[in-house]
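Letter by letter, the chains look like this.
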Amino acid sequence: MKKFIALLTFTAVLCSFASCGNDVADEVSEESSVSSFSEEITEEVTTEEVTEETTEETVESETDEITEEEISETENTDEPSENLSADGSYEEAIEKLLECMNNKDVEGMIKLTIPDRYYNVFELMAEMNGVSLDEYTNEMYDTSNESIRLVEIISEEPLDEYYTEAINEMYGGLQVISDYIEENGSENIDYEELEKYMSDIGDISEIKPYFEIGDGYIVNCKFESENENGEKDTYEQELIMYYIDGEGWKTDLSMMGYVKKSKQTSINSITATIYKAANSALVTLDEQGVEIPDCIISSDTGKNYNVSDDFISQLEKELENFFPEYKDYDYFMIIKDGVSTYAAAISHDDSKFIGTYPANKIYSADNDYIERDENMTYDEIYNTCLEQIK
């Protein structure tokens, strides 16, 4: 599993080099940039696994120095990196990527994970960040000698518009740099001039990459790794697979965690808006002399608790004035002592991401909010809150 973690780190670092601080989505905070690439990795593996493997890798790097000659001997790929293509099925593309990983063919990994015209961009941005791709490539050889194979494709789902737009926005930023390199050459790049060139463009998010995604999937895979001692481990990993005409399938490993953070941040923001709109509506009702019960109000009438239809009608009428889009979401809110004290919501289009306000918390009757288990479903959160308010 170490090798897959190394590749996750590798692609996250590459993308962070070239991001130039330009977030993939407005909702993503600064913590989603260069310094947080390790968080994307730990979404897929436990802290214990990362700690154990990092320790082992440190020992290996201290005791097993690999010379350039040894590295060249290791690179025995059946097919040169420059001739790699992935024009068959996405499963074949995954197999080719694993072959490159097992052969420590870093150029091949880049070829299969990065659109072709952006290789020089990554080289340039790496240098601007004080490290060359060659130096980082050498670090890749210090990972374990484990092998990894694809056991099965567990599931696939079409790449939705959210992921497609996120990919386009990230690579749109690279397109600007790529155009600059093509216009000026890569030999003597003036970094200050490049930064001015980019700042003069204005909204980089409006720039489109040179390619269009012809087909794309989120693929959940089961992999098996085997270390040098013959010990095996199986685990699941989601991959984004997308097709570029003329280049074949690309495997994206960095965008998954990034977009998940963006979606979670977005639904948390929506939930906070519902919460605030509800409190504004309650202030209006209070001024009108309406008695406000301690209750739960939900978009699902079956989840309403200790509240009359008349009060719900009055609240929804006022809620419409402050946030008419509230109807686009499934939600519930807790009202106590005349104010909304907690809210949770999910989108009609994507129920995987559950927003809460306060974020990542569950209501507690003693006003000391409970930390939310990220695996809890929307209904489980509701049931927990219901027990607290009764």
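Here's a quick rundown of the structure. None of the values given here were measured: they were computed from a predicted structure.

**So, the pattern of salt bridges**
- Applying the stated criterion across every chain yields a total of twelve salt bridges.
- Two residues, glutamate 152 and lysine 222, come together in a salt bridge whose shortest N-O distance is 3.6 Å. Here the residue glutamate 152 occupies a position in strand E1 (residues 147-158), and lysine 222 occupies one in strand E2 (residues 213-226), the gap between them amounting to 70 residues.
- On the basis of relative accessible area, glutamate 152 is assigned to the partly exposed category, the value being 36%.
- The residue lysine 327 makes a salt bridge to glutamate 320 at a minimum N-O spacing of 3.3 Å.
- Look at lysine 327 and you get exposed, because its relative accessible area is 52%.

**Notes on the environment of glutamate 193**
- Mapped onto the elements, glutamate 193 comes out in helix H10 (residues 191-201).
- Overall, the relative accessible area of 41% leaves glutamate 193 in the partly exposed class.
- Sequence-distant contacts of glutamate 193, defined by excluding residues within four places in its chain, comprise Tyr180 and Asn184.

**Focus: helix H12 (residues 309-322)**
- With 14 residues, H12 ought to run about 20 Å at 1.5 Å a step, and its terminal C-alpha atoms sit 20 Å apart, in line with that.
- Taken together, the buried positions of H12 are occupied by Phe311, Ile312, Leu315, Glu318 and Leu319. One side of H12 carries all its buried residues, which in axial view fall inside an arc of 135°. Within H12, the exposed residues directed more than 90 degrees away from the buried face are Asp309, Asp310, Lys317 and Asn321.
- Along its buried surface, H12 packs onto helix H11 (255-287), strand E5 (295-298) and strand E6 (329-336).

**Things to note about the sheet that holds strand E3 (residues 232-244)**
- The antiparallel open sheet is built from four strands, whose spatial order is E1-E2-E3-E4. Every interior strand has two partners, whereas the edge strands, E1 and strand E4 (248-252), have only one. On average, each strand axis in the sheet is inclined to that of its neighbour by 35°, with strand direction left out of account.
- Relative to E2, E1 is paired through ten bridges, and the arrangement is antiparallel.

**Overview of the sheet that holds E5**
- Pairing is antiparallel across the open sheet formed by four strands, whose spatial order is E5-E6-E7-E8. Of all the strands in the sheet, the pair left with one neighbour each is E5 and strand E8 (354-357). When the angles between neighbouring strand axes are averaged without regard to direction, this sheet yields 15°.
- Here E6 runs beside strand E7 (residues 339-347); their pairing, made up of eight bridges, is antiparallel. Within the sheet, the bridge partner assigned to tyrosine 329 lies in E7 and is serine 347.
- On the sheet, H12 packs against E5 and E6 and is oriented at approximately 115° with respect to E6.
- The strands touched by helix H13 (residues 378-389) are E5, E6, E7 and E8; relative to E6, the strand with the most contacts, the crossing angle is about 15°.

**Concerning H13**
- End to end, H13 covers 17 Å across twelve residues, agreeing with the expected 16 Å (1.5 Å per residue, within 8%).
- Looking only at H13, the buried set comprises Tyr378, Ile381, Tyr382, Cys385, Leu386 and Ile389. For H13, the angular spread of the buried residues around the axis is 135°, confining them to a single face.
- In this structure, the buried side of H13 is in contact with E5, E6, E7, E8 and strand E9 (361-362).

**Quick notes on the packing of aromatic side chains**
- A full pass over the atoms with the stated rule returns 16 aromatic pairs.
- Ring geometry for tyrosine 171 and phenylalanine 211: centres 5.9 Å apart, planes at 65°, overall edge-to-face. With a gap of 40 residues between them, tyrosine 171 in helix H9 (residues 161-184) and phenylalanine 211 in the loop between H10 and E2 connect regions that are remote in the sequence.
- Overall, tyrosine 171 belongs to the buried group, its relative accessible area being 0%.
- Accessibility expressed as a relative area gives 5% for phenylalanine 211, which makes it buried.
- Connected via pairs of aromatic rings, a cluster forms that spans Tyr118, Tyr171, Tyr210, Phe211 and Tyr242.
- One cation-aromatic arrangement involves lysine 263 over tyrosine 162; the distance from NZ or CZ to the ring centre is 5.1 Å.

Cut-offs and rules
Residues numbered from 1 in each chain as written. Predicted model: local features only at pLDDT ≥ 70, side-chain atom pairs only at ≥ 80, totals over all residues. Heavy atoms only, no water. Salt bridge = Lys/Arg side-chain N within 4 Å of Asp/Glu carboxyl O. Helix = DSSP H or I, 4+ residues; strand = E, 2+ residues; numbered from the N terminus. Buried < 20%, exposed > 50% of the residue type's maximum accessible area, 1.4 Å probe, protein only. Contact = heavy atoms within 4.5 Å. Expected span 1.5 Å × (residues − 1). Arc of directions from axis to C-beta. Pairing = 2+ DSSP bridges. Axes fitted to C-alpha atoms, helices over the stretch in contact; angles between N-to-C directions. Phe/Tyr/Trp six-rings, centres within 6.5 Å; stacked < 30°, edge-to-face > 60°. Lys NZ or Arg CZ within 6 Å of the ring centre and 35° of its normal.

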